[in-house]
Amino acid sequence: MTAPADVTATGITKSFGTFRALKDLSLTIEGGEFLTLLGPSGSGKTTFLMILAGFEAPTKGRLSRGGTDITTLSAEERAFGMVFQGYALFPHMTVAQNIAFPLVVRRRPKAEIAARVARMVERVGLAGHEGKLPAKLSGGQQQRVALARALVFEPAMLLLDEPFSALDKHLRGLMQEEVRRLHREFGTTFVFVTHDQSEALSLSSRVAIFNHGEVLQVGTPKTVYERPENRFVAEFLGEINMLPLQGVGPDGAGAAGRFEDGALSAPARAGAGPNAVLAIRPEHMHLANGHIAEGENALFARVTAATYLGPATRLQLATPGGTPLTLTLPSTDAARAEPGGEVRVAWPKDKGFLLPGGGEPALPAALP
Ligand SMILES: Nc1ncnc2c1ncn2[C@@H]1O[C@H](COP(=O)(O)OP(=O)(O)OP(=O)(O)O)[C@@H](O)[C@H]1O
Ligand SMILES: [Mg+2]
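Glancing now at the packing of aromatic side chains. Inspection of the entire model under this criterion finds 7 aromatic pairs. Look at Phe-48 and Phe-210: their rings are 6.0 Å apart centre to centre, the planes differ by 50°, and that puts the pair in the tilted class. Note that Phe-48 is positioned in helix H1 (residues 45–53) and Phe-210 in strand S9 (residues 206–211), a separation of 162 residues in sequence. Each member of the pair Phe-48 and Phe-210 is classed as buried. Judged by centre distance (6.2 Å) and plane angle (35°), the ring pair of Phe-55 and Phe-84 falls under tilted. A residue pair is termed long-range when its members are at least 10 positions apart, and Phe-55 in the loop between H1 and strand S4 (60–65) and Phe-84 in the loop between strand S6 (81–83) and helix H3 (95–105) qualify at 29 residues. By relative accessible area, which is 46% here, Phe-55 ends up partly exposed. Ring-pair connections join several aromatic residues into one group, and the members of that group are Phe-34, Phe-164, Phe-190 and Phe-192. If you follow Arg-149 out to its NZ or CZ, it ends over the ring of Phe-90, 5.1 Å from the centre.

Of all 6 residues in strand S8 (residues 189–194), 6 are buried, a share of seventy percent or more. The pairing of strand S7 (residues 157–161) with S8 spans 5 bridges and is parallel. Across the sheet, residue Met-157 finds its bridge partner in S8, namely Thr-189. Read from S7 through helix H6 (residues 169–186) to S8, the crossover connection turns out right-handed.

Moving on: the sheet that holds strand S12 (residues 246–251). Spatial ordering of the open sheet is given by S12-S13-S14, a layout of 3 strands whose pairing is antiparallel. Because the sheet does not close on itself, it has two edges, and the strands there are S12 and strand S14 (262–266). Direction aside, the axes of adjacent strands within the sheet are offset by 30° on average. For strand S13 (residues 254–259) and S14, the ladder comprises 5 bridges, and the chain directions are antiparallel. Residue pairing for S14: Arg-258 is matched across the bridge by Ala-263.

To continue, consider helix H5 (residues 139–151). A rise of 1.5 Å per residue sets the reference length of H5, with its 13 residues, at 18 Å; its end C-alpha atoms lie 19 Å apart and thus fit the reference within 8%. Among the 13 residues in H5, 12 count as buried, and that is most of the element. All of the buried residues in H5 are Gly-139, Gly-140, Gln-142, Gln-143, Arg-144, Val-145, Ala-146, Leu-147, Ala-148, Arg-149, Ala-150 and Leu-151. Looking at the buried side of H5, the elements it contacts are S6, H3, helix H4 (110–123), S7, H6 and S8.

This part is about the domain arrangement of the protein chain. Entries for the protein chain in the domain assignment read domain 1 (7–233) and domain 2 (239–357). For domain 1 versus domain 2, the separation of C-alpha centres amounts to 39 Å. In this complex, domain 1 contributes 7 residues to the contact, which on the side of domain 2 involves 11 residues. Of the roughly 740 Å² buried where domain 1 meets domain 2, counting both sides, 48% is carbon and sulfur surface. Counting the surface domain 1 buries against domain 2, the share from its top three residues, Tyr-225, Arg-227 and Arg-231, is 59%.

To continue, consider the site of ligand 1. Taken together, 13 residues form the shell around ligand 1, and within it Ser-41, Gly-42, Lys-45, Thr-46 and Thr-47 come nearest. For ligand 1, an oxygen atom lies 2.5 Å from a polar atom in the side chain of Ser-41. Within the contact set of ligand 1, an oxygen atom lies 3.1 Å away from a backbone nitrogen or oxygen of Ser-43. Elements that contribute at least two residues to the shell around ligand 1 include exactly strand S2 (19–29) and H1. Ranked by the residues each element gives to the shell around ligand 1, the list is headed by H1, at 3 residues.

Attention now goes to the side chain of Thr-188. Mapped onto the fold, Thr-188 is located in the loop between H6 and S8. Judged by relative accessible area, Thr-188 falls into the buried class, the value being 1%. Within the structure, the side chain of Thr-188 is placed 3.5 Å from the backbone oxygen of Pro-155, a separation counted as a polar contact.

The next thing to look at is the side chain of Glu-199. Structurally, the position occupied by Glu-199 is in helix H7 (residues 197–203). Engagement of the side chain of Glu-199 in a polar contact is seen with the side chain of Thr-194, the distance being 2.9 Å. Excluding residues that lie within four positions of it along the chain, Glu-199 makes contacts with Phe-164, Arg-172, Gln-176, Phe-192 and Thr-194.

What the 6 strands build is an open sheet, ordered S6-S7-S8-S3-S9-S10; its pairing is mixed. For this open sheet the edge positions go to S6 and strand S10 (214–219), each flanked by a neighbour on one side alone. For this sheet, the mean angle separating the axes of adjacent strands, direction not counted, is 15°. In this sheet, S7 lies alongside S6 in parallel orientation, the contact comprising 3 bridges. In the strand pairing of S7, Val-83 is matched with Leu-160. Of the strands in this sheet, strand S3 (34–38), S6, S7, S8 and S9 are in contact with H1, which crosses S7 at around 155°. Against the sheet, H5 engages S6, S7 and S8, with an angle of about 165° to S6.

Cut-offs applied
Residues numbered from 1 in each chain as written. Chains lettered and ligands numbered in written order. Predicted model: local features only at pLDDT ≥ 70, side-chain atom pairs only at ≥ 80, totals over all residues. Heavy atoms only, no water. Phe/Tyr/Trp six-rings, centres within 6.5 Å; stacked < 30°, edge-to-face > 60°. Helix = DSSP H or I, 4+ residues; strand = E, 2+ residues; numbered from the N terminus. Buried < 20%, exposed > 50% of the residue type's maximum accessible area, 1.4 Å probe, protein only. Lys NZ or Arg CZ within 6 Å of the ring centre and 35° of its normal. Pairing = 2+ DSSP bridges. Right-handed = clockwise from strand over helix to strand, strands pointing away. Axes fitted to C-alpha atoms, helices over the stretch in contact; angles between N-to-C directions. Expected span 1.5 Å × (residues − 1). Contact = heavy atoms within 4.5 Å. Domains from an automatic or database assignment. Buried area = accessible area lost by both parts, 1.4 Å probe. Near = heavy atom within 4 Å. Polar contact = N/O pair within 3.5 Å; in protein donor to acceptor, adjacent residues only side chain to side chain.

Right, dumping it as structure tokens:
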């Protein structure tokens, strides 16, 4: 098959009238990777995908593939596979005809079309459904047909725009497995759009976080989740506690600053400034039993609410100075935290990270 495509976008701007949907965006997509574009509604994900596919032209900037400029190549010439939001199947064509369509358009020999369609039907688990019309299929089966149709001509890159947004949670999980497997088997470059952060983290080799037409950070799921570069990325990827510090300076190999009546430490970070915020994910905090281990931060807080979630319990807390905190604990550990009571919260210093003070918070609406 064709080698997986690597594409570099350089300085891409897309204007609609005076509105700039993409602002001087640069991003390299590596051959064979599973890159997810993650960001709130309106952040420019679909616009960027349309430019990659060749359905939209950038106002400024260029795209290159393997060092060759492809900015002005048509969508047909690029020949990337595309799966759109919703199903977008041809309703009057059978499953087999839908899957065969890209090969028919490319005027492939009949015998080759039949063989490839038969193989694709098998690979996406639709054997026995070849003669059905899309209306007779479940949502997950329709989405499988769309995937098969996009992969049947072995494109060098597959672009997927929120392909599972119309599916219920269970089917969505099954289709995520399917896409992961297809990526492994085909080795094609996948560019996948979602605004669901857990989907992005679980599927991708790298995640690019979009906001207001810009890419704020690109990295492995672990890097963007555990070492976000700014407040927006930190908050968009999941729940996080933010402790505003003052007078942040060096502390051994790390950094430390004042928080209310005490001091807190975190790994040093260049450019965080004296008023950095110490960010810490709720799952990294625990309730201390008196003794605070070397290498841990600790602070006192009052329990404001406890929500039992089965295996875990979510605690809402407030520090004496009024900073809110959230903790997620195994329910067995949370039993002694009664609303109104005081607890001591601790966490390993190296699990926290400093973010520059200020910065734009992620809108809560961005989280499901
Ligand atoms: N053809 C167009 N004309 C005018 N404005 C447009 C056009 N297409 C997109 N936009 C604007 O560009 C911005 C980015 O849109 P885009 O569809 O890329 O967002 P998105 O990140 O895919 O959002 P969602 O998660 O809701 O799909 C939006 O503000 C949108 O209104
Ligand atoms: Mg979109």
